[in-house]
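Given next are the chains, with one letter for each unit.
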Amino acid sequence: MYDVKTDIDKNRIYITIGKLKDETEMQSLAQNVKTECQKLQKGFTCITDLRKYEVQDEIFEFYVTQTQEAMLLAGLSNVVRVRRETGLLGHFQFDNASMDVGYHAENVTTMEEAEKILDNTAK
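In short, a report on the structure.

### Observations regarding the sheet that holds strand β4 (residues 78-82)
Consideration 1: Ordered in space as β1-β2-β3-β4-β5, the five strands form an open sheet in which the pairing is mixed. Because the sheet does not close on itself, it has two edges, and the strands there are β1 (2-7) and β5 (106-108). Recorded for the sheet is a direction-independent mean angle of 15° between the axes of neighbouring strands.
Consideration 2: Relative to β4, strand β3 (residues 45-49) runs parallel, the two sharing five bridges. Residue pairing for β4: T48 is matched across the bridge by R81.
Consideration 3: Helix α1 (residues 23-37) rests against β1 and β2 (12-17) of the sheet, and its axis sits at about 0° to β1.

### Some thoughts on the packing of aromatic side chains
Consideration 1: According to the stated counting rule, one finds two aromatic pairs in the structure shown.
Consideration 2: Ring geometry for Y53 versus F60: centroids 5.9 Å apart, planes at 35°, classification tilted. Take Y53 and F60: they sit in the same class, and that class is buried.
Consideration 3: Between F62 and Y63 the ring centres are 5.1 Å apart and the planes differ by 75°, which places this aromatic pair in the edge-to-face class.
Consideration 4: We classify F62 as partly exposed; its relative accessible area is 47%.

### Concerning a negative patch on the surface
Consideration 1: The grouping of E85, E106, E112 and E113 at the surface amounts to a negative patch.
Consideration 2: By the element assignment, E112 lies in helix α4 (residues 111-121).

### Brief notes about the pattern of salt bridges
Pairs can form between side chains of opposite charge whenever their charged atoms are close.
Consideration 1: Under the defined criterion, the tally for this structure stands at six salt bridges.
Consideration 2: Residue R12 pairs with D119 through a salt bridge whose shortest N-O separation is 3.0 Å. Taken as a pair, R12 in strand β2 and D119 in helix α4 lie far apart in primary sequence, 107 residues in all.
Consideration 3: Measuring nitrogen to oxygen at the nearest pair gives 2.7 Å for the salt bridge that ties D49 to R51.

What counts, and at which threshold
By convention here, each chain's residues receive numbers from 1 onward along its written sequence. For a predicted model such as this one, the threshold for reporting local features is a pLDDT of at least 70, and the threshold for listing and counting side-chain atom pairs is 80 or more; totals across whole chains, interfaces and linings nevertheless cover every residue. Hydrogen atoms and water are omitted, and side-chain values are computed over all heavy atoms in the structure. Pairs of strands are assigned from DSSP output, requiring at least two bridges between the strands. Here a helix means four or more residues in a row that DSSP labels H or I, a strand means two or more in a row labelled E, and each is numbered from the N terminus. All axes here are fitted lines through C-alpha atoms, helices being fitted over the stretch that makes contact, and every angle between N-to-C directions spans 0 to 180 degrees. Note on contacts: a residue pair qualifies if any of its non-hydrogen atoms lie within 4.5 Å across the two residues. In this scheme Phe, Tyr and Trp rings, the latter by its six-membered ring, pair at centre separations within 6.5 Å, and the angle between planes marks the pair as stacked below 30 degrees, edge-to-face above 60, and tilted otherwise. Three exposure classes are used, based on accessible area relative to the maximum for each residue type with a 1.4 Å probe and protein chains only: buried under 20%, partly exposed in between, and exposed over 50%. To count toward a patch, a residue needs a relative accessible area above 30% and no salt bridge. Like charges then connect within 9 Å, nonpolar side chains (Val, Leu, Ile, Met, Phe, Trp, Tyr) within 5 Å. The accessible surface values rely on the Shrake-Rupley method and a 1.4 Å probe; as for residues, cover is taken only from the protein chains in view. Note on definitions: salt bridges are taken to be side-chain nitrogens of Lys or Arg within 4 Å of carboxyl oxygens of Asp or Glu. Under this rule, positive means Lys or Arg and negative means Asp or Glu; His and the chain ends count for nothing. In plain terms, the charge of a residue is placed at NZ if it is Lys, CZ if Arg, CG if Asp and CD if Glu.

In structure tokens, the structure reads:
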């Protein structure tokens, strides 16, 4: 389960990732993110909602890294990840991949916190 949408006015992409059933869905998610990034201007921001995300097999990390690289090339400037308050720490999979790609994302526990951080940095 995933959802990807853009807000042209905020120049922001929103990525929500839950439990992904297989590699085909992972590929679809990666392609969808790349397509949506093309609708945004360089310097766009991203909120990744991982509150329902479940840690995936190692092959998923390949797609995470590939997608993060594509986002950087498309002009990504800042990312905030919304994670669970407690429980599985699936966001670490994303943290590790983004460090390999060359950026850091702040982790928060609510969408409101994420919006506030990115709205304040956009000013």
